[in-house]
Amino acid sequence: MDEDKQEAFEELVGPAGSALERLLLLAARRVHRTKSKLRGTVRKRVPFLLPTRGPLSDLDSGIEMSLHVLSRDPLVLYVPIGGARPLYPLAALGRRLAGRRVTFLTMQTWTMERPAVIARMGRDLAWYAGRFPLHEIIFLCNTEEERRLVAAAGGNAIFSNHNLMVSEDIFRQLPDVPVEFDAVYNGRISPIKRHHLAFDIERLAHITYSIGELPPVAARAFVRRLQARSPLHQIANPLVDGWPGKLTAQQVNHVYNQAAVGLCLSAVEGAMYSSMEYLMAGLPIVSTPSLGGRDVYFDPDYCIVADPEPAAIRRAVETLRDRAIPRQQIRRRTLEKVHAQRIELMAFLTALLRRKGSRAPPIETWPFPGTDGMMRRGTVREIAAFVSEPEPTWRRSTSGDSLRA
């Protein structure tokens, strides 16, 4: 485990079969990390450096981003942000919408409870306000502490955890699905997910996928390690040439229904969609102590925060498994909390639209269709064109948002 409470590379991919294999894995990792760092640095800095007009203004057109159009008149956009310089996608898109009145509602994909990130963002907010006076940025924060820090940095912020967006119509109990696993862990191939903490659990289902955080050779080594761990540990994803394929949201929900407990094992991230997916499917949760907001909807009656050690995780899973808490009770109590906060957010959005000049009636029906297919994804140039269209013609996302944990 490293100083950021992530898995060490060896913990993630397992021991190499030979000295040569280990050398090749480490070399591939070093090259991959260097390339990723360079790409990330360019992506996050360039939008702040380019002019508003002229041939150089389009140099960041290939940056990928996601959004959901809440309203076209007035224009209100729901945009995920995160990382060390969270506002870079807004800087890129904002330049293309500089002449229009736009409100950005930001969804934090990674916690902002980090002093260096908050300090940098405060400076970027001041820069943005000077460049694009017709735009307003409102942060929907995953925790009260995150809201406080963003407000102290000069941001307009409210508390509204992004797990409100998970669809209870997709993630739910299924009749006649037998429980085959003690636990399920929905976690991508990443050091932050600390998969090894679950290895002592007797029967475990893994839902996993890659977003490119490891080089392919290392990602395949990770998959081999999961396969070799125990015949009672299964990867739910289809495997092609050692590579995990995607599952639909409905397939993910079916796997949840085959398990007794859901796992949340990272130390730091965002609010973690899968934590809410577990609860809506009626699963109790075993979590480690965490930063980011996934525990907002936890309840001590069916959620245990255990020490980040394999034996402690196993004991907590067995405790909740043996309690056999009715799934409908977990789902009902979770939805009561969710519905109350959704009502608050709808009231806020109604007031916001009125303030922006909308004559539409109050929002009384939840305006977000859930994480699966909610976001439109594309390059900044494509997104800007989509936002400017009078009628949406955009394709639905196929990025597997329901699998993003």
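All figures in this text were calculated on a predicted structure; none of them were measured in a lab.

## Some details on the side chain of Glu269
1) Next: You can see Glu269 is positioned in the loop between β11 (262-264) and α8 (273-280).
2) Next: What makes Glu269 buried here is its relative accessible area of 2%.
3) Next: Within the structure, Glu269 has its side chain in polar contact with the side chain of Lys193 (distance 2.9 Å).

## Some words on the pattern of salt bridges
1) Next: Here the structure, examined in full by the defined rule, presents 25 salt bridges.
2) Next: Taking the shortest distance from any N to any O, the salt bridge between Arg355 and Glu136 comes out at 3.1 Å. Here Arg355 is found in helix α10 (residues 327-355), whereas its partner Glu136 is found in strand β4 (residues 135-141), with 219 residues between them in sequence.
3) Next: Given the relative accessible area of 16%, Glu136 is considered buried.
4) Next: One salt bridge connects Glu318 with Arg314, and the closest N-O pair in it is separated by 3.8 Å. With Glu318 and Arg314 both in helix α9 (residues 310-323), this residue pair falls 4 residues apart, about one helical turn.
5) Next: Relative accessible area serves as the criterion here: at 30%, Glu318 is assigned to the partly exposed category.
6) Next: Through salt bridges with shared partners, a single ionic network connects Asp58, Asp60, Arg95, Arg96 and Arg381.

## Regarding the sheet that holds strand β1 (residues 64-72)
1) Next: On the basis of which strands lie adjacent, the open sheet formed by 6 strands has the order β5-β4-β3-β2-β1-β14 and mixed pairing. Only two strands of the sheet have a single partner each, and these edge strands are β5 (156-159) and β14 (376-379). Pairs of neighbouring strands in the sheet enclose a mean axial angle of 30 degrees, with direction left out of account.
2) Next: Note: β4 against β5, 4 bridges, orientation parallel. Residue pairing across strands places Leu140 opposite Ile158, the latter belonging to β5.
3) Next: Set on the sheet, helix α3 (residues 88-96) makes contact with β1, β2 (75-81), β3 (102-108) and β4; between it and β2 the angle comes to about 145 degrees.
4) Next: Relative to β4, α10 is tilted by about 175 degrees, and along the sheet it contacts β1, β2, β3, β4 and β5.

About the thresholds
Residues numbered from 1 in each chain as written. Predicted model: local features only at pLDDT ≥ 70, side-chain atom pairs only at ≥ 80, totals over all residues. Heavy atoms only, no water. Helix = DSSP H or I, 4+ residues; strand = E, 2+ residues; numbered from the N terminus. Buried < 20%, exposed > 50% of the residue type's maximum accessible area, 1.4 Å probe, protein only. Polar contact = N/O pair within 3.5 Å; in protein donor to acceptor, adjacent residues only side chain to side chain. Salt bridge = Lys/Arg side-chain N within 4 Å of Asp/Glu carboxyl O. Pairing = 2+ DSSP bridges. Axes fitted to C-alpha atoms, helices over the stretch in contact; angles between N-to-C directions. Contact = heavy atoms within 4.5 Å.

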